[in-house]
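Each chain, letter by letter, is given below.
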Amino acid sequence: MKVNVQTQHVSINSESRKEIEAKFDKISTHFPQLISCDIIITKEHGKHEAEIFTNYEGVRVSAKSTDDVMYPAIASALKKLEAGLRNRKGQLKADLHAKPTSTKPEIASDIIQEMKLV
């Protein structure tokens, strides 16, 4: 899975970038259909904000988290993203199950004809 890291008002080195990409390994093993994730890390007013976006089975899934420290903000956003992906996966699996169909006629005249009054 490709991880695109963008930063605003924050600078990260290559070691930090590798650590961030390593955090995505768990998600990529549980959801192998993911091709890429975009993460935007910003720092405003002393708070770090992490936003993660990805496309999963035709739907855009995103998560956002803020914290005073960068790494807990990223970890929290990843946890929220994983919950969103599990929710979407559950929706897709629920659509595969057969829905019950009604076998009774809905029109009153059809019901009376089936009663076989003699």
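As shown above, the structure is provided for reference.
Presented here is a report on the structure given in the accompanying data block.

How each quantity is defined
Starting afresh in each chain, residues are numbered from 1 along the sequence in its written order. Residues qualify for local features only when their pLDDT is at least 70, as the model is predicted, and side-chain atom pairs are given and counted only at 80 or more; totals for whole chains, interfaces and linings, by contrast, use all residues. With hydrogens and water excluded, all non-hydrogen atoms of the structure serve as input to the side-chain values. Here the aromatic set is Phe, Tyr and Trp, taking the six-membered ring for Trp, and pairing holds for ring centres within 6.5 Å; pairs whose planes are under 30 degrees apart are stacked, those over 60 apart are edge-to-face, and all others are tilted. What counts as a helix is a DSSP run of H or I of at least four residues, what counts as a strand is a run of E of at least two, and both are numbered from the N terminus. Three labels apply to residues, based on accessible area from a 1.4 Å probe with only protein chains included: buried if under 20% of the type maximum, exposed if over 50%, partly exposed otherwise in between. At least two DSSP bridges between two strands are required for those strands to pair. Definition used for salt bridges: Asp or Glu carboxyl oxygen within 4 Å of a side-chain nitrogen of Lys or Arg.

**Regarding the packing of aromatic side chains**
Turning to step 1, where the next piece is worked out: One pass over the structure, following the stated rule, counts one aromatic pair.
Turning to step 2, where the next piece is worked out: Between F31 and Y56, the aromatic rings sit 5.6 Å apart at their centres with planes inclined by 80 degrees, giving edge-to-face as the arrangement. Residue F31 is located in the loop between α2 (25-30) and β2 (36-44), and its partner Y56 is located in strand β3 (residues 47-56); the two are separated by 25 residues in the primary sequence. Here the two residues F31 and Y56 agree in accessibility, since each one is buried.

**Structural notes on the pairing of β3**
Turning to step 1, where the next piece is worked out: Among the ten residues of β3, seven are classified as buried, and the element is accordingly described as predominantly covered.
Turning to step 2, where the next piece is worked out: Of the pairings in the sheet, the one linking β2 to β3 comprises eight bridges and is antiparallel in character. Counterpart to E44 in the pairing with β3 is K47.
Turning to step 3, where the next piece is worked out: Here β2 hands over to β3 after two residues, with H45 in that stretch at a positive phi of 55 degrees.
Turning to step 4, where the next piece is worked out: Where β3 and strand β4 (residues 59-67) come together, nine bridges link them in antiparallel fashion. By the bridge assignment for β4, Y56 is matched with V59.
Turning to step 5, where the next piece is worked out: Hairpin connection from β3 to β4: two residues lie between these consecutive antiparallel strands, with E57 at a positive phi of about 55 degrees.

**Considerations on the pattern of salt bridges**
Two side chains carrying opposite charge are able to pair once their charged atoms lie near each other.
Turning to step 1, where the next piece is worked out: The final tally for this structure, using the stated rule, is two salt bridges.
Turning to step 2, where the next piece is worked out: One salt bridge connects K26 with E82, and the closest N-O pair in it is separated by 4.0 Å. Here K26 is found in helix α2, whereas its partner E82 is found in helix α3 (residues 70-96), with 56 residues between them in sequence.
Turning to step 3, where the next piece is worked out: Here E82 falls in the buried class, since its relative accessible area comes to 12%.
Turning to step 4, where the next piece is worked out: D68 serves as the salt-bridge partner of K47, at 3.2 Å between the closest nitrogen and oxygen. Residue K47 is found in strand β3, and its partner D68 is found in the loop between β4 and α3; the two are separated by 21 residues along the sequence.
Turning to step 5, where the next piece is worked out: On the basis of relative accessibility, which here comes to 42%, the residue K47 falls in the partly exposed class.
Turning to step 6, where the next piece is worked out: On the basis of relative accessibility, which here comes to 48%, the residue D68 falls in the partly exposed class.

As far as function goes, none of this settles anything; it's purely spatial.
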